[in-house]
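# Overview (structure and organization)
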Amino acid sequence: MNPPGKDELARILEKHGIKGDPVHIATGYINWVYAVGDDVILRVCRSDRDPEDSYTEAVAVPAAVRAGVRTPRLIALDDTFEQVVTIYERAPGEALANLRVDQRELPDLYRQLGREIRKIHENVTHVDDPNGWLDKPYFNDPREQLDEARRELRVELVTYDWIAKWNERLAPAIDAKGETKFVHNDLHAGNTMVLQDPLRLSSVIDWGDACWGDPVLDFERVPIWAAPWAMEAFGEVDEMFVGRVLAHVLGTTLHTARDPEFDPSEQAWHPFPTAFTFNLVRLMRMDLPKEWRRWLPDAPL
């Protein structure tokens, strides 16, 4: 896994008429990321990763920008080099995942994110995608994932039965189908760019998982304790919607716990599985709307 050399980076920038010295700022799960001055982000797909996310972004980002979503403009996708390259305008601010912030500012921030999610779902009605580059929606059914987890993770029967009863409670929501919308599908804190003093949403980034799917997908990786604030601003959320969010989160948590390729050291932003345990405790201690209480698991005693 060798990052591009100085000469290769220079050739990329020269081809696209970009002046400045690239500075490595991050190694993401998919890309090596470089800042070029204050205005440009250069991303080079890692040699050990499939570049399919880059192609997904190439069709998703222009549609989101046209719809008025707060996201940086894609300047170019270039697959003529050894690794696929994407060049973006640089989003102002920092990723929320990398900041220590005043917790009291988070409710309003996540309400801002909820309004942006509504914009994504309602304003993006068409994506030019002749090659089928958009991702495909997925759902890790927590009932199926629990059975696999019991075998592979040696979940003891007491815990298994408790989660199984929770799955029974979630079943009506799991089996319900939501209206298909265009979704970002990866709105964790690492993809949520913010400004500070006061804390406010700058933009959402990284559209490599964008697809047409159930709207609840855009709440799956929002911290579950923050989802009520985001949904409050999103609007028009019924009980089934809330149940499907919890089911998606639980299913993905169980799936990730048994995924041999999941490496927390490379995906520190990823909310599963350890953080979910803490986030669920935090959620259950909150004063929640009644549509949430229906779906939460019972206390064990």
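Residues numbered from 1 in each chain as written. Predicted model: local features only at pLDDT ≥ 70, side-chain atom pairs only at ≥ 80, totals over all residues. Heavy atoms only, no water.

If you trace the backbone, Arg244 turns up in helix H7 (residues 239–257). Through-space distance from the C-alpha of Arg244 to that of Val61 is 26 Å; in sequence the pair is 183 residues apart. (Helix = DSSP H or I, 4+ residues; strand = E, 2+ residues; numbered from the N terminus.)

A word on the nonpolar core. Residues Tyr110, Phe182, Trp207, Leu246, Leu283 and Trp292 are the most contacted members of the largest nonpolar core, which totals 70 residues. With eight residues, the top contributor of residues to this core is H7. Not counting residues up to four positions away in its chain, the partners in contact with Trp207 are Thr56, Glu57, Ala60, Val61, Ala64, Val69, Thr71, Ile120, Phe182 and His184. Counting residues in hydrophobic clusters, the runner-up holds 14 residues, among them Ile12, Tyr34, Val36 and Ala76. (Core = buried A, V, L, I, M, F, W, Y, C linked by side-chain atoms within 4.5 Å. Buried < 20%, exposed > 50% of the residue type's maximum accessible area, 1.4 Å probe, protein only. Contact = heavy atoms within 4.5 Å.)

This part is about the side chain of Asp53. Relative to the elements of secondary structure, Asp53 occurs in helix H2 (residues 52–66). This buried residue, Asp53, is left without a salt bridge; Arg43 holds the nearest opposite charge, at 7.7 Å. Residues in contact with Asp53, not counting those within four places in the same chain, are Ile30, Gly208 and Asp209. (Lys, Arg positive; Asp, Glu negative; His and termini not counted. Salt bridge = Lys/Arg side-chain N within 4 Å of Asp/Glu carboxyl O.)

Moving on, we get to the sheet that holds strand S6 (residues 94–95). Paired through backbone hydrogen bonds, the strands of a sheet run either parallel or antiparallel to each other. Reading across from one edge, S6-S8-S9 is the order of the three strands in this open sheet, with antiparallel pairing throughout. The strands lining the two open edges of the sheet, one partner per strand, are S6 and strand S9 (200–204). When strand S8 (residues 192–195) meets S9, the two strands line up antiparallel, connected through four bridges. In the strand pairing of S9, Met193 is matched with Ser203. Sitting on the sheet, helix H3 (residues 106–123) is in contact with S8 and S9, with an inclination near 35° to S9. (Pairing = 2+ DSSP bridges. Axes fitted to C-alpha atoms, helices over the stretch in contact; angles between N-to-C directions.)

Moving on, we come to the pattern of salt bridges. Within the structure shown, the criterion is met by 18 salt bridges. Ionic pairing is found between Asp175 and Arg143, a salt bridge with its closest N-O pair at 3.1 Å. Here Arg143 lies in helix H4 (residues 142–153) and Asp175 lies in helix H5 (residues 157–175), a separation of 32 residues in the sequence. Residue Arg143 is classed as partly exposed on the basis of its relative accessible area, which comes to 29%. For Asp214, the salt bridge goes to Arg244, with nearest N and O atoms at 2.8 Å. Of this pair, Asp214 sits in the loop between strand S10 (211–213) and helix H6 (227–234) while Arg244 is found in helix H7, placing the two residues 30 residues apart along the sequence. Per residue, the accessibility class of Asp214 equals that of Arg244, and both read buried. Connected through shared salt-bridge partners, Arg118, Glu122, Glu179 and Lys181 make up one network.

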